[in-house]
Amino acid sequence: MLHASEITVQGRPLSDILGAHILWTADPARGRRCQLADATLNEVDLRNANLNRASFDCVTLLDADLSLADLRGAVVNSVDLGGALLTGADFTGAQLSFVRFLLGHLSGAHFSEARIDGSNFQGARLEAAGFQDAAVNDTRFAGALLNGALFHGARLAVCDFSNAKMESVQLPRVRAQSCRLYGVSGSSMNFTGGCLSDCDLSSATLPDARFTKAAMQGVRLANADLSGADFREASLGGSDFSDAVLKNARMADAKLFAADFRGANLAGVRDLTAQQLQQARTDTNTILPNGSRGPYMKSSGAEKPGAAGVPRRSGLGLSC
């Protein structure tokens, strides 16, 4: 790791630039803002650095250490942070454009209220990272480790989370449009009150996920494992659940008009009504809540969970 005093940027030691920036954050008349452009700072040690409202343009910081660095309100454009250590770094309110975090270590990093455009977190470690109220556009999280990450109220557009690990990720009130979550996995994900439009969660493994009161229009969940998921009061019109596993899910007051359950396993699904199932699409490969095969027939009682085909007991008792 290189110390800031060992690196010169535009004829000045980086340590002097950082010192002047600290003065500027306290009093702009005394110091000078850190504005780095077209610089290579690979493997530099910037742990706990005060980079509040600093500017980075076309800077390379491969394998640098910015653990616990203060980057609140920073403007970061076309910066390569591949493999960098950013554990606990604070990007609150920052503007990030075309930033590469490939294979970076960002556990506990803060991106609340940040704007992130065209960036790449592919394969990064983002456990317990915070993206609350962030606006994230055209950004890749494919294969990232996002266990315990927080996306409360975030706005996501055209983002790719394919095959990410998302155990207990919190996404209440999220607004996601045209996002790809193909093959993501993790139990107890929380989409409560969210709005998902034209998103692809095909082949996802999301047992015990919560979609309570979520609005899901044209969402693809084909071949997904949604065992025990909670869809109470959710709007699922036109969504694709074909060949999905929804065993023991909850569906009270869910809107299912034109939802596709062909080939889906609905065994043990609770709180479904005959009217809900009549509005959805089922076929001969659908397993209905009572365990029988579809398609659902009016007045069949198959919307009620329980064993299909169990004969009623008669008489006063059984002899041994």
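Right above here is the structure, for reference.
Every value quoted in this text rests on a predicted model; they were computed, and no experiment measured them.

**Student:** Tell me about the side chain of Asp260, and please be specific about residues and values.
**Tutor:** With respect to the helices and strands, the residue Asp260 is situated in the loop between β12 (215–217) and α2 (274–279). Among the polar contacts listed, one links the side chain of Asp260 to the side chain of Arg262, at a separation of 2.9 Å.

**Student:** Give a description of the pattern of salt bridges that names residues and reports values.
**Tutor:** The full count for this structure, using the stated rule, is eleven salt bridges. Between Arg100 and Asp80 there is a salt bridge, with the nearest N and O atoms lying 3.5 Å from each other. Here Arg100 is found in the loop between β6 (95–97) and β7 (115–117), whereas its partner Asp80 is found in the loop between β5 (75–77) and β6, with 20 residues between them in sequence. Owing to a relative accessible area of 40%, Arg100 belongs among the partly exposed residues under this scheme. Taken together, the shared-partner salt bridges connect Asp45, Arg47 and Asp65 into one network.

**Student:** Explain the environment of Gln122 to me, and be specific about the residues and the numbers.
**Tutor:** When you line up the elements, Gln122 lands in the loop between β7 and β8 (135–137). Taking the C-alpha atoms as reference points, Gln122 and Ala142, separated by 20 residues in sequence, lie 4.9 Å from one another. Among all residues touching Gln122, those that are not within four sequence positions of it are Leu102, Leu103, Arg140 and Ala142.

**Student:** Can you explain empty space enclosed by the protein? Please cite residues and give values.
**Tutor:** According to the stated counting rule, one finds two cavities of 30 Å³ or more in the structure shown. Split into classes, the residues belonging to the lining of the largest cavity amount to eleven nonpolar, no polar and no charged. Around the second largest cavity sit Phe56, Leu61, Leu66, Leu71, Val76, Val79, Leu81, Leu86 and Phe91, which together line it. In the lining of the second largest cavity, the residues fall into nine nonpolar, no polar and no charged.

**Student:** Could you give an account of the nonpolar core, naming the residues involved and the relevant values?
**Tutor:** Membership of the largest hydrophobic core comes to 101 residues, with the highest contact counts inside it found for Leu14, Phe111, Leu126, Leu146, Phe161 and Leu246. Here this core takes three residues from helix α1 (residues 14–26), the largest share from any one element. If near-sequence neighbours (up to four positions away) are discounted, Leu126 is found in contact with Leu106, Ser107, Phe111, Phe121, Phe131, Phe141, Ala144, Leu145, Leu146, Asn147 and Ala149.

**Student:** Go over α1 with me, naming the residues and quoting the values.
**Tutor:** The end-to-end C-alpha separation of α1 is 19 Å, in line with the 18 Å expected for 13 residues at 1.5 Å each. Buried residues of α1: Leu14, Ile17, Leu18, Ala20, His21 and Trp24, and no others. Summarising the axial view, the buried residues of α1 lie within an arc of 165°, below the 170-degree limit, and thus occupy one face.

**Student:** If you had to explain the state of the cysteines to someone new, which residues and values would you point to?
**Tutor:** Counted under the stated rule, the structure contains zero disulfides. Here Cys58 stays unpaired: no disulfide links it, and the sulfur of Cys34, its closest cysteine neighbor, is 15 Å away. In this structure Cys58 comes out as partly exposed when scored by relative accessible area, which is 35%. Cys179 takes part in no disulfide bond, and the closest cysteine sulfur, belonging to Cys159, lies 4.7 Å away.

**Student:** Which residues make up the sheet that holds β7, and what values do they have?
**Tutor:** Taken in spatial order, the ten strands of this open sheet run β3-β4-β5-β6-β7-β8-β9-β10-β11-β12, and their pairing is parallel. With partners counted over all chains shown, the strands left at the sheet margins are β3 (35–37) and β12, one partner each. Taken over all neighbouring pairs, the strand axes of this sheet differ in orientation by 5° on average, direction set aside. For β7 and β8, the ladder comprises three bridges, and the chain directions are parallel.

**Student:** How would you explain the packing of aromatic side chains if you had to name every residue and give the values?
**Tutor:** Describing an aromatic ring pair means giving the distance of the ring centres and the angle of the ring planes. Across all of its chains, the model carries 17 aromatic pairs by this definition. Each ring, one from Phe111 and one from Phe121, has its centre 5.7 Å from the other, and the planes form 85°; the classification is edge-to-face. In this pair, Phe111 is assigned in the loop between β6 and β7 and Phe121 in the loop between β7 and β8, connecting sequence segments ten residues apart. Residue class for Phe111 comes out buried when judged on its relative accessible area of 0%. Plain terms: the ring middles of Phe121 and Phe131 are 6.1 Å apart, the flat faces sit at 80° to each other, and that makes the pair edge-to-face. With Phe121 in the loop between β7 and β8 and Phe131 in the loop between β7 and β8, this residue pair connects regions lying ten residues apart in the sequence. Judged on exposure class, the residue Phe121 and its partner Phe131 are both buried. Here a set of aromatic residues connected by ring pairs shows up, and it is made of Phe91, Phe101, Phe111, Phe121, Phe131, Phe141, Phe151 and Phe161.

Each value, and the rule that gives it
- Residues numbered from 1 in each chain as written.
- Predicted model: local features only at pLDDT ≥ 70, side-chain atom pairs only at ≥ 80, totals over all residues.
- Heavy atoms only, no water.
- Helix = DSSP H or I, 4+ residues; strand = E, 2+ residues; numbered from the N terminus.
- Polar contact = N/O pair within 3.5 Å; in protein donor to acceptor, adjacent residues only side chain to side chain.
- Salt bridge = Lys/Arg side-chain N within 4 Å of Asp/Glu carboxyl O.
- Buried < 20%, exposed > 50% of the residue type's maximum accessible area, 1.4 Å probe, protein only.
- Contact = heavy atoms within 4.5 Å.
- 1 Å grid on protein atoms, 1.4 Å probe; cavity = no way out; pocket = protein on both sides within 12 Å on 5 of 7 lines; lining within 4 Å.
- Points joined across faces, edges and corners; volume = space filled by probe spheres on them.
- Nonpolar A, V, L, I, M, F, W, Y, C, P; charged D, E, K, R; others polar.
- Core = buried A, V, L, I, M, F, W, Y, C linked by side-chain atoms within 4.5 Å.
- Expected span 1.5 Å × (residues − 1).
- Arc of directions from axis to C-beta.
- Disulfide = S-S within 2.5 Å.
- Pairing = 2+ DSSP bridges.
- Axes fitted to C-alpha atoms, helices over the stretch in contact; angles between N-to-C directions.
- Phe/Tyr/Trp six-rings, centres within 6.5 Å; stacked < 30°, edge-to-face > 60°.

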